[in-house]
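# Examination of the molecular architecture
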Amino acid sequence: MTIPETDVAGQPEEEPRARPEERLERAVRAAEQALIEFEIAVETFRVEVENFSRLHHQKLGPMYTRLDELEALIAEATAARTGDAEDRRKADEARARVMPMPGVEELFHGWMDGDGLFPEAAAMLTDQPVRPPQRVRPSEQARKLYRELARKAHPDLAQEEKERERRDEFIARVNAAYGRGDEALLRELAEEWAAGPAPVEPQLTASEELYARLEWLAQRKELLTAVARELEEGAIGSMLRMAPQDPDALLDEIAEQLLAQVAEREAELERLTAS
């Protein structure tokens with residue numbers, strides 16, 4: 001049996017009471033850390049989707065284009081044989097799908113950033129050989145560095161506007177380096193952050209401020225959930241979820257299916273044009 005400690009007067013010593021805001025402060029800090037982890041996961045998946053999208057377009061784009069061309073040729077051959085107005089309309093629609101004329105925004109979407117045209121786009125416009133986009137898959141060490149930097153430098157941990165702006169600028173550089181899989185630059189950024197001014201620790205004491213912070217965190221999580229859902233339910237995200245460990249094998253499987261479809265359409269076109 002444990003005997004409670006007593007004070008000098010012989011009375012049981014009371015445990016110190018926690019401040020009313022202390023429990024709320026712990027909840028806010030836990031919610032902040034959970035949100036940061038969620039943001040890291042969403043950003044990691046966004047990079048994977050972007051990389052896989054470029055590889056998908058590079059490897060399978062020509063096959064899809066060939067299928068569209070064959071569909072147009074088949075429709076045109078059918079219309080030529082039947083002379084039917086409806087077949088002619090279908091042939092025109094099929095031909096329009098082969099090489100639609102893009103608008104200016106569509107033409108440069110994905111080919112330009114704040115520094116101007118990407119090398120691939122510049123090569124296309126100057127008739128130079130186009131270098132295939134290189135695979136960017138951040139190493140495990142790069143992932144680790146990114147997570148550590150995101151946890152330490154996340155703008156949501158700032159309590160002053162000037163500090164938030166500094167963190168925003170720094171995290172933008174971290175995201176760019178991670179998107180390129182640049183492990184060396186991430187190491188440099190980690191050293192830069194460690195050598196920088198000491199981060200201001202949150203001083204959350206007022207209940208009103210804590211409740212407002214919790215509300216903001218909930219709204220931010222809701223927004224991120226919508227972003228994550230959009231990524232997951234998109235065509236590329238759905239494919240990545242089918243083979244998260246080996247997306248290359250999935251690309252090979254889709255390529256085989258497309259090649260089989262191309263062979264079928266070519267055989268059908270040959271039958272139409274030979275008879």
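Everything numeric here is computed off the predicted structure, so don't read it as measured data.

The rules behind the values
Residues numbered from 1 in each chain as written. Predicted model: local features only at pLDDT ≥ 70, side-chain atom pairs only at ≥ 80, totals over all residues. Heavy atoms only, no water. Helix = DSSP H or I, 4+ residues; strand = E, 2+ residues; numbered from the N terminus. Buried < 20%, exposed > 50% of the residue type's maximum accessible area, 1.4 Å probe, protein only. Contact = heavy atoms within 4.5 Å. Areas by Shrake-Rupley, 256 points an atom, 1.4 Å probe, with all protein chains shown as cover. Expected span 1.5 Å × (residues − 1). Arc of directions from axis to C-beta. Salt bridge = Lys/Arg side-chain N within 4 Å of Asp/Glu carboxyl O. Core = buried A, V, L, I, M, F, W, Y, C linked by side-chain atoms within 4.5 Å. Axes fitted to C-alpha atoms, helices over the stretch in contact; angles between N-to-C directions. Parallel < 35°, antiparallel > 145°, perpendicular 65-115°, else oblique. Left-handed = near helix turned anticlockwise from the far one by under 90°. Nonpolar A, V, L, I, M, F, W, Y, C, P; charged D, E, K, R; others polar. Polar contact = N/O pair within 3.5 Å; in protein donor to acceptor, adjacent residues only side chain to side chain.

Moving on, we get to the overall build of the protein chain. What the protein chain contains, in helices and strands, is ten helices and two strands. Each helix (α) and strand (β) of the protein chain, taken in turn from the N terminus, gives the series α-α-α-β-β-α-α-α-α-α-α-α. Put simply, the protein chain has 275 residues, and 29% of those count as buried. In the protein chain, the share of contacts with a sequence separation of at least 24, taken over all contacts with a separation of at least 6, comes to 69%. In the form shown here, the protein chain has an accessible surface area of approximately 18,500 Å², with 54% of it arising from carbon and sulfur atoms.

Below, the discussion takes up helix 7 (residues 183-195). Along its 13 residues, helix 7 runs 19 Å from first to last C-alpha, staying within 8% of the 18 Å computed at 1.5 Å per residue. Within helix 7 the residues assigned to the buried category are Leu186, Leu189 and Trp193. What you see down the axis of helix 7 is that its buried residues fit within an arc of 60°, all on one side. Looking at helix 7, the residues exposed on the side facing more than 90 degrees away from the buried face are Glu191, Ala194 and Ala195.

Moving on: the pattern of salt bridges. One pass over the full model with this rule turns up 19 salt bridges. The partner of Arg46 in a salt bridge is Glu43, and the shortest N-O contact between them spans 2.8 Å. Linking Arg46 with Glu43, this pair stays in helix 1 (residues 22-82), spanning three residues, or about one helical turn. One salt bridge connects Glu93 with Arg89, and the closest N-O pair in it is separated by 2.5 Å.

So, about the nonpolar core. Val49, Phe52, Leu60, Met239, Leu250, Ile254 and Leu258 are the most contacted members of the largest nonpolar core, which totals 25 residues. For this core, the elements supplying multiple residues, two or more each, are helix 1, helix 8 (207-233), helix 9 (235-242) and helix 10 (247-274). By residue number, the principal contributor to this core is helix 1, which donates eleven residues. Setting aside residues no more than four positions away along its own chain, Leu60 makes contact with Leu251, Ile254, Ala255 and Leu258. Within the second largest apolar cluster, 18 residues are counted, among which are Leu145, Leu149, Ile171 and Val174.

All right, on to the packing of helix 1 against helix 5 (residues 140-153) then. Helix packing for two helices is described by the angle between their axes and how far apart those axes are. Contact geometry of helix 1 with helix 5 gives a least axis separation of 10 Å together with a crossing angle of 140°. In terms of orientation, helix 1 lies oblique with respect to helix 5. Of the two elements, helix 1 crosses helix 5, and the hand of that crossing is right-handed. For the pair helix 1 and helix 5, the contacting residues are Ile36, Glu37, Ile40, Glu43, Thr44 and Glu48 in the first and Arg143, Tyr146, Arg147, Ala150 and Arg151 in the second. Considered class by class, the residues forming the contact of helix 1 with helix 5 number four nonpolar, one polar and six charged.

Within the secondary structure, Tyr146 sits in helix 5. Spatially, the C-alpha atom of Tyr146 lies 9.3 Å from that of Arg187, the residues being 41 residues apart in sequence. Look past the residues within four positions of Tyr146 in its chain and what remains in contact with it is Ile40, Glu43, Thr44, Val174, Asn175 and Tyr178. At a separation of 3.1 Å, a polar atom in the side chain of Tyr146 contacts the side chain of Asn175.

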